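Next come the chains, spelled out residue by residue.
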Amino acid sequence: MWAMIRRRPLRFILLGALLLRWASAGVLQDHLDQSPNRDFLIEGDAGGYWELGRRIASGEDYEIHQPPRQVLRMPGFPAVLAFSMKMAGWIAGHDLRFLAARMLLAGVGTLGCGLVSWLGKELFDETTGLIAAGLTAVMPTMVIFSVVILSETLFAAALLASLLAM
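Asker: Can you help me understand the overall build of the chain in this one?
Answerer: In terms of helices and strands, the chain carries eight helices and zero strands. If one aligns the C-alpha atoms of the chain with their principal axes, the spans along those axes are about 55 × 40 × 25 Å. Put simply, the chain has 166 residues, and 37% of those count as buried. Pairs at least 24 apart in sequence give 66% of the contacts found in the chain among residues at least 6 apart. Accessible area for the chain stands at about 10,100 Å²; split by element, carbon and sulfur atoms hold 66% of it. Treating the 14 positive side-chain charges of the chain as one cloud and the 14 negative ones as another, the clouds have centres 8 Å apart.

Structure follows, in structure tokens:
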């Protein structure tokens, strides 16, 4: 077992990151399910993103509020939420929409750990990349924030990808 971990440490770091984020998603969703009339840990922006995602998923106009505001937020993050809503509705029905979105964001957060590793390797060496990925994988702020329905997780992964492209 230890020989396998030494040969492919990044795989185990990413697996650990994903499992921690999935567990965090489950705990957060369970907490919110126990709280009456509460769908989001941080209301406001999350509700707006969710509504825009729902509108994309159902083919409605990209607008929220009254009077309607059509260009309030960029559609990238709401489009990711719309994708998770469509997949959750297709697989298991609407009851799992929030959990499906959190699980998808957990995957995006895990991808971010991999991109951190890649960036560390490009800038310094493989050991630096593995240490950076390991820290990102287990840092409580990163784990918990990965599954909150806000755009920061997707933004961070996109920012890392753009840095690597440069």
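Further notes follow.
Asker: What am I meant to see in helix 6 (residues 126–138) here?
Answerer: Think of an α-helix as turning once every 3.6 residues; residues three or four places apart then point the same way. Taking 1.5 Å of rise per residue, the 13 residues of helix 6 would be expected to cover 18 Å, and the 19 Å separating its terminal C-alpha atoms lies within 8% of that figure. Here the buried face of helix 6 lies against helix 2 (9–34), helix 5 (97–123) and helix 7 (140–145). Capping the start of helix 6, aspartate 125 holds a side-chain oxygen 3.3 Å from the backbone nitrogen of threonine 127, two or three residues further along.

Asker: What am I meant to see in the nonpolar core here?
Answerer: Grouped burial of nonpolar side chains is what soluble globular proteins tend to show. Counting residues in each nonpolar core, the largest one holds 20 residues, and the members touching the most others are Phe40, Trp50, Phe77, Leu81 and Ile149. Contributing elements (two or more residues each) for this core: helix 2, helix 3 (45–58), helix 4 (76–91) and helix 5. Aside from chain neighbours lying at most four places away, what touches phenylalanine 40 is Leu32, Ala46, Gly47, Trp50, Phe98, Arg102 and Ile149.

Asker: Sorry, what's going on with a negative patch on the surface here?
Answerer: Negative charge collects at one region of the surface, where Asp30, Asp33, Asp39 and Glu43 lie side by side. On the secondary structure map, aspartate 30 appears in helix 2.

Asker: How should the packing of aromatic side chains be read in this particular structure?
Answerer: How two aromatic rings sit relative to each other is set out by the distance from centre to centre and by the angle between their planes. For the structure shown, the criterion picks out four aromatic pairs. Judged by centre distance (5.5 Å) and plane angle (85°), the ring pair of phenylalanine 40 and phenylalanine 98 falls under edge-to-face. One end of the pair, phenylalanine 40, is in the loop between helix 2 and helix 3; the other, phenylalanine 98, is in helix 5, with 58 residues separating them in the sequence. Classification of phenylalanine 40 as buried rests on a relative accessible area of 6%.

Asker: Teacher, can you tell me more about the environment of glycine 76 here?
Answerer: Locating glycine 76 in the fold gives a position in helix 4. A relative accessible area of 40% places glycine 76 in the partly exposed class. In the structure, glycine 76 is positioned 22 residues away from arginine 54 in sequence and 13 Å away in space, judged by C-alpha atoms.

Asker: Before we go on, may I ask you to explain the side chain of threonine 136 in this structure?
Answerer: Positionally, threonine 136 belongs in helix 6. Apart from residues no more than four positions distant in its own chain, threonine 136 is found in contact with Arg21, Cys113, Val116 and Met142.

Asker: I keep staring at the packing of helix 5 against helix 8 (residues 152–165) and nothing clicks. Help me out?
Answerer: How two helices sit against one another is set out by the angle between their axes and by the gap between those axes. Their axes nearest at 9 Å, the elements helix 5 and helix 8 cross at an angle of 25°. By the angle between their directions, the pair helix 5 and helix 8 is classed as roughly parallel. Here helix 5 and helix 8 pass one another in a crossing that is left-handed. Only Thr153, Leu154, Ala157, Leu160, Ala161, Leu163 and Leu164 of helix 8 make contact with helix 5, whose side of the interface consists of Leu105, Val108, Gly109, Gly112, Leu115, Val116, Trp118, Leu119 and Glu122. Of the residues in the contact of helix 5 with helix 8, the class split is twelve nonpolar, three polar and one charged.

The rules behind these values
- Residues numbered from 1 in each chain as written.
- Predicted model: local features only at pLDDT ≥ 70, side-chain atom pairs only at ≥ 80, totals over all residues.
- Heavy atoms only, no water.
- Helix = DSSP H or I, 4+ residues; strand = E, 2+ residues; numbered from the N terminus.
- Buried < 20%, exposed > 50% of the residue type's maximum accessible area, 1.4 Å probe, protein only.
- Contact = heavy atoms within 4.5 Å.
- Areas by Shrake-Rupley, 256 points an atom, 1.4 Å probe, with all protein chains shown as cover.
- Lys, Arg positive; Asp, Glu negative; His and termini not counted.
- Charge placed at Lys NZ, Arg CZ, Asp CG, Glu CD.
- Expected span 1.5 Å × (residues − 1).
- Polar contact = N/O pair within 3.5 Å; in protein donor to acceptor, adjacent residues only side chain to side chain.
- Core = buried A, V, L, I, M, F, W, Y, C linked by side-chain atoms within 4.5 Å.
- Patch = residues over 30% accessible without salt bridge, like charges linked within 9 Å, V, L, I, M, F, W, Y side chains within 5 Å.
- Salt bridge = Lys/Arg side-chain N within 4 Å of Asp/Glu carboxyl O.
- Phe/Tyr/Trp six-rings, centres within 6.5 Å; stacked < 30°, edge-to-face > 60°.
- Axes fitted to C-alpha atoms, helices over the stretch in contact; angles between N-to-C directions.
- Parallel < 35°, antiparallel > 145°, perpendicular 65-115°, else oblique.
- Left-handed = near helix turned anticlockwise from the far one by under 90°.
- Nonpolar A, V, L, I, M, F, W, Y, C, P; charged D, E, K, R; others polar.

Function-wise, these values are silent; they only describe arrangement.
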